[in-house]
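Structural characterization, general
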Amino acid sequence: MYDSSFLLMVLIFSVTIIVMLWRPFNVNETVPTTIGAALVLLIGIVPLSDVLNIFSIVSGASLTILSTIMMSVVLESIGFFKIVAANIVNRSRGSGRRLYLYVILLCFMMTMFFNNDGSILITTPIIIHITSLLKLKNHQKIPYLLSGALIATAASAPIAVSNISNLIALKIVGLSLQDYIEMMFVPSMVGIFVIAILLYLYFKNDIPKRILEVSVKWKSHAQKYSYTHPLSSSGSEKEVDWGLIKACLAIVVLTRAAFFALTPFGIPLEVIGLTGAAILIVVRWFRTETGVVDIFKKTPWHILLFAFNMYVLVYGLKNVGLNDFIVAQFKDLIVGQPLNASLIMGLFLTAASNLFNNLPAVMIGTLSITEMGLDPHTLQIAYLANVIGSDIGALLTPVGTLATLIWMYILKTNGVSISWARYLRVTIIVVPVGLIVSLLSLYLWVEMLF
C-alpha cells in the first residue's frame, strides 16, 4: 500500500506536468513547475537542506545552455541565419531533394553548435520562410519541417553539451565530457543516420523533385557586402558584415572546442560557455556598437528556475519511494548484464519521456541507476542508454521533449498544420528502429572498445 505522502507527491507531479504540457492561456512552463516545487518544499517532502545541493546540480548545466542561447541571439542579430536561409535555397539549384539534404544538415549542425531547443527556435522559422517563399504546398512542407525537427532534437545525443538534461545527468553519474563523447558519439550517430534514411524513404514521394531555381546577387562595397535575394518579400538589399560574421563564427567554434579541451583541467563548462558568450557580445559591440539589451530580452533566463523546479519535483518522487520501486523492478535484470542495461533503461526512458517529458524522465532514470549498486562499466552503459531513450526515444510523441512542443507551437503560430496523427504516423515507423539500433550500437561499441 502507498502512504499519503506518495499519493500526494504523485498528484502534485502529475498536475504540474499536465499543466506544463498543456500550457493553458499560453502560460510559461516555469509557472506550474514553480508552484509544484514550492508545494513540495512547503509540505516537506523535499527538505530545505537539499535545496543548495539541488541548485549546485542544475545551475552549471543551465548556465551552459544559456550561454549557447546568448551566442545564437548574437548571430541572429548580425544576420547570419538569414544568410544561411538565402544560401540554402541558392545552393539547392532548383532541386527539392538537395534542399531536403541541406535542411537536415542545417538542423543537425545548429544543435551540435548550440542546443536542441535553440536549434528548433532558429531553424523552424527559417524552414517555414523557405518553404513558403518557394510556394510549396502544405504536404510538401511537412517533409522539411518534420524531418528537420526530429533530426535537430535527436542531434542532442552525440555530445552532452547540446541538451540540459544530458548535462545534469552527466554530473550525477560523474562521467567526464570526453568519456561521454568517446562512448556515445558513434552509437547515437548510427541511430540518427538510420532515422535520417528512414525519413527520406518515408517522404520520398512528397519531396518535390524541382523547386524554384533562384540565386543570390552579392555586391561588395568598402569592407562590407550586400545581397539581394529573388525570394525576398521586400526585394531590398540586405547589408552583411562578413568580417564580423567570420569572427563570431570563429568564437563559437573555439568555445565549443574549449568545452572538450579545458574541462580536463577542472574548468567548469559554464565558465567556458559564459566566457565565450561574453567575448562574442564584446566583439559585436566593438564592430556595431550594439549593447546587451537584446541579449537580456531574448535569453530565456527562466531555464535556471525551470531546471531547479523539475529537479525538486523529481527529488520529491525519489524521497517518497519511486526510485526504490524502479530499482526493485530492474536491478536484478541489469546487474552484470550490459546488454540488458542498455535495452531496459533505454526502453524505460523512452516510455517515461513520452508519458511526462524527457527532462524529469532522465533525472528519475539517472537517480535510479545510481542506487542499483552497478559496476562502473554497467552504470555508464545504463546512463548512456537513458540519454538515448530521452533524446531519441522521446521523439515518439510531441510531448516527449520541450523542443518538439516548442516546434508544434511555432508551426501553429505560423499557420502550418501538422496534427498529432500526422506526426505519429511518421515517428511510429522511424523512431523505434532508430532507438533499437542506437541501443544495440551502444552495447557493441562500449563492449568492444571500453
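Residues numbered from 1 in each chain as written. Predicted model: local features only at pLDDT ≥ 70, side-chain atom pairs only at ≥ 80, totals over all residues. Heavy atoms only, no water.

The next subject is the overall build of the protein. Within the protein, the secondary structure is distributed over 19 helices and three strands. Its C-alpha atoms give the protein a radius of gyration of 22 Å, within 12% of the compact-globule value 22 Å for 450 residues. Summarising its shape, the C-alpha atoms of the protein cover approximately 70 × 50 × 50 Å along the three principal directions. Out of the 450 residues belonging to the protein, those deemed buried represent 55%. A sequence separation of at least 24 residues applies to 78% of the contacts in the protein between residues at least 6 apart. Accessible surface for the protein amounts to roughly 18900 Å². Of this, 66% is attributable to carbon and sulfur atoms. If you average the places of the 28 positive and of the 21 negative side-chain charges in the protein, the two averages end up 18 Å apart. (Helix = DSSP H or I, 4+ residues; strand = E, 2+ residues; numbered from the N terminus. Rg over C-alpha atoms; globule rule 2.2 N^0.38 Å. Buried < 20%, exposed > 50% of the residue type's maximum accessible area, 1.4 Å probe, protein only. Contact = heavy atoms within 4.5 Å. Areas by Shrake-Rupley, 256 points an atom, 1.4 Å probe, with all protein chains shown as cover. Lys, Arg positive; Asp, Glu negative; His and termini not counted. Charge placed at Lys NZ, Arg CZ, Asp CG, Glu CD.)

With respect to the helices and strands, leucine 449 occurs in helix α19 (residues 420–449). Using a relative accessible area of 53% as the deciding quantity, one classes leucine 449 as exposed. Each C-alpha atom, one on leucine 449 and one on methionine 183, is 8.6 Å from the other, the two residues being 266 residues apart in sequence.

Take the packing of aromatic side chains next. One pass over the structure, following the stated rule, counts 11 aromatic pairs. Measuring from ring centre to ring centre gives 5.3 Å for phenylalanine 80 and phenylalanine 81, while their planes differ by 65°; the resulting arrangement is edge-to-face. Here phenylalanine 80 and phenylalanine 81 have matching classes, each one buried. Among the aromatic residues, those joined into a ring-pair cluster are Phe80, Phe81 and Phe114. (Phe/Tyr/Trp six-rings, centres within 6.5 Å; stacked < 30°, edge-to-face > 60°.)

One can find serine 441 in helix α19. The buried category is assigned to serine 441, whose relative accessible area is 16%. From its side chain, serine 441 meets the backbone oxygen of valine 437 in a polar contact 2.7 Å long. (Polar contact = N/O pair within 3.5 Å; in protein donor to acceptor, adjacent residues only side chain to side chain.)

Another aspect to go through is helix α10 (residues 242–262). For α10, spanning 21 residues, the distance from its first C-alpha to its last is 29 Å, which sits close to the expected 30 Å at 1.5 Å a residue. Within α10, the full set of buried residues consists of Leu244, Ile245, Cys248, Ile251, Val252, Thr255, Arg256, Ala258 and Phe259. Residue aspartate 241 occupies the N-cap position of α10, its side-chain oxygen lying 3.2 Å from the main-chain nitrogen of glycine 243. (Expected span 1.5 Å × (residues − 1).)

Moving on, we come to the pattern of salt bridges. This model, assessed by the stated rule, comprises four salt bridges. One salt bridge connects aspartate 241 with arginine 287, and the closest N-O pair in it is separated by 2.7 Å. Residue aspartate 241 is located in the loop between β3 (238–240) and α10, and its partner arginine 287 is located in helix α11 (residues 269–288); the two are separated by 46 residues in the primary sequence. With relative accessibility at 10%, the residue aspartate 241 sits in the buried group. (Salt bridge = Lys/Arg side-chain N within 4 Å of Asp/Glu carboxyl O.)

What follows is about a nonpolar patch on the surface. Together, Leu8, Leu11, Val15, Val31, Ile35, Leu39 and Ile43 make up an exposed nonpolar region whose accessible area comes to about 580 Å². Of all the elements in the fold, those that place two or more residues in the nonpolar patch are α1 (4–22) and α2 (30–43). When residues of the nonpolar patch are assigned to their parent elements, the largest contribution, four residues, is made by α2. In this structure, leucine 39 sits in helix α2. Classification of leucine 39 as partly exposed rests on a relative accessible area of 39%. (Patch = residues over 30% accessible without salt bridge, like charges linked within 9 Å, V, L, I, M, F, W, Y side chains within 5 Å.)

All right, on to unusual backbone geometry then. Unlike most non-glycine residues, glutamate 289 shows phi in positive territory, near 60°. Looking at the element boundaries, glutamate 289 is found in the loop between α11 and α12 (293–298). The phi dihedral of asparagine 357 is positive, around 85°, even though this residue is not glycine. Relative to the elements of secondary structure, asparagine 357 occurs in the loop between α15 (338–356) and α16 (358–369).

For the rest of this paragraph, the subject is the nonpolar core. Residues Ile168, Tyr180, Tyr383 and Trp407 are the most contacted members of the largest nonpolar core, which totals 151 residues. Top contributing element to this core by residue count: helix α3 (residues 51–77), with 12 residues. What tyrosine 383 contacts, discounting residues up to four positions off in sequence, is Asn166, Ala169, Leu170, Val173, Leu175, Tyr180, Thr366 and Ile369. (Core = buried A, V, L, I, M, F, W, Y, C linked by side-chain atoms within 4.5 Å.)

Turning our eyes to something else, we now look at helix α17 (residues 376–391). Over its 16 residues, α17 runs 22 Å from end to end, which matches the ideal 22 Å to within 8%, given 1.5 Å per residue. Across the 16 residues of α17, 13 count as buried, placing the element largely inside the fold.

Attention shifts here to the packing of helix α6 (residues 116–133) against helix α7 (residues 138–154). Two elements in contact, α6 and α7, have axes whose closest approach is 10 Å; the angle formed by their N-to-C orientations is 165°. When the interaxial angle is binned, α6 and α7 end up roughly antiparallel. For α6 against α7, the interelement crossing comes out right-handed. Across from Asn116, Ser119, Ile120, Thr124, Ile127, Ile128, Thr131 and Ser132 in α6, the residues of α7 making contact are Lys141, Tyr144, Leu145, Ala149, Ala152 and Thr153. Residues of the contact of α6 with α7, tallied by class, amount to seven nonpolar, six polar and one charged. (Axes fitted to C-alpha atoms, helices over the stretch in contact; angles between N-to-C directions. Parallel < 35°, antiparallel > 145°, perpendicular 65-115°, else oblique. Left-handed = near helix turned anticlockwise from the far one by under 90°. Nonpolar A, V, L, I, M, F, W, Y, C, P; charged D, E, K, R; others polar.)

Axis separation between helix α9 (residues 177–203) and α10 bottoms out at 8 Å; the angle between their running directions is 105°. As summarised for this structure, α9 and α10 are arranged roughly perpendicular, according to the angle between their axes. On α10, the residues touching Leu177, Gln178 and Ile181 of α9 are Phe259, Phe260 and Ala261. A per-class count over the contact of α9 with α10 returns five nonpolar, one polar and no charged.

Okay, the environment of alanine 196 next. Locating alanine 196 in the fold gives a position in helix α9. Remark: the alpha-carbon pair of alanine 196 and glutamate 76, spanning 120 residues in sequence, is separated by 27 Å.

Relative to the elements of secondary structure, serine 95 occurs in the loop between α4 (80–92) and α5 (96–113). Ignoring anything within four residues of it in the chain, the contact list for serine 95 reads Lys209, Arg210 and Ile211.

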